[in-house]
Amino acid sequence: MGLLTLLLAFVFFAGVSMTVNEGLWNNTIAVFIIVIAALISVPWGYVLGGAIAIAAQPSDEHVWAFFFAGVWGVFALSAIIMRLIADKLSRVRMRFLPQLDKIGGVLMGLVVATMFNSFVAVTLVMLPLQAGVWKVEEGSPRQQKTMSRAAAPIYTALTKFYGAE
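Since the structure is predicted, the reported quantities are computational estimates derived from the model, not experimental observations.

## Description of the overall build of the protein chain
Okay, step 1: Along the backbone of the protein chain there are 5 helices and 0 strands.
Okay, step 2: For the protein chain, the succession of helices and strands along the chain, N to C, is α-α-α-α-α.
Okay, step 3: Counting only residues that meet the buried cut, the protein chain has 36% of its 165 residues in that class.
Okay, step 4: Counted over contacts in the protein chain with a minimum sequence separation of 6, partners at least 24 positions apart contribute 87%.
Okay, step 5: Taken together, the 11 basic and 8 acidic charged side chains of the protein chain have centroids lying 15 Å from each other.

Take a look at the structure:
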């Protein structure tokens, strides 16, 4: 569990460092893409992962990996397609005051990193941890709280959009 929280810290740091100079407009588009791709990928990733698992017939302890790969595959595909569409529709970058663009870009970069980090945490909590592959009980209460707090933004969006199913 400690390595998972370290992974989340690394993902957050990488997300911030990759988006801090993108500006307000690009980071705002990226937030919408991440949230929409997450909303698409969870149900369709389960469908895709289930279909692949049925075809591959893995052992019971490895079924979660097919669902994990399905969710991430659908997420990557939908995010790439939406980014290509956004780039085609928005060929001209919206201009803001330079100070607003710099400060807003950094703040939206933090939001982008938080949402992507949340998607990573949700996929780790929903799939391998719930499948029992990784033991939640082995982590300290602080690590468990870190995982649940990291997963909260996307998990909230998923439950609000799809209900409590």
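The rest of the description comes next.
## Brief notes about the nonpolar core
Okay, step 1: In this structure, Leu-8, Ile-33, Phe-75, Phe-119, Met-147, Ile-154 and Leu-158 are the most contacted members of the largest nonpolar core, which totals 33 residues.
Okay, step 2: Among the secondary structure elements, those contributing two or more residues to this core are α1 (2-19), α2 (23-56), α3 (63-89), α4 (98-131) and α5 (141-162).
Okay, step 3: Discounting chain neighbours no more than four positions away, the residues touching Phe-119 are Ala-38, Ser-41, Val-42, Val-71, Trp-72, Phe-75 and Ile-154.

Rules behind the numbers
Residues numbered from 1 in each chain as written. Predicted model: local features only at pLDDT ≥ 70, side-chain atom pairs only at ≥ 80, totals over all residues. Heavy atoms only, no water. Helix = DSSP H or I, 4+ residues; strand = E, 2+ residues; numbered from the N terminus. Buried < 20%, exposed > 50% of the residue type's maximum accessible area, 1.4 Å probe, protein only. Contact = heavy atoms within 4.5 Å. Lys, Arg positive; Asp, Glu negative; His and termini not counted. Charge placed at Lys NZ, Arg CZ, Asp CG, Glu CD. Core = buried A, V, L, I, M, F, W, Y, C linked by side-chain atoms within 4.5 Å.

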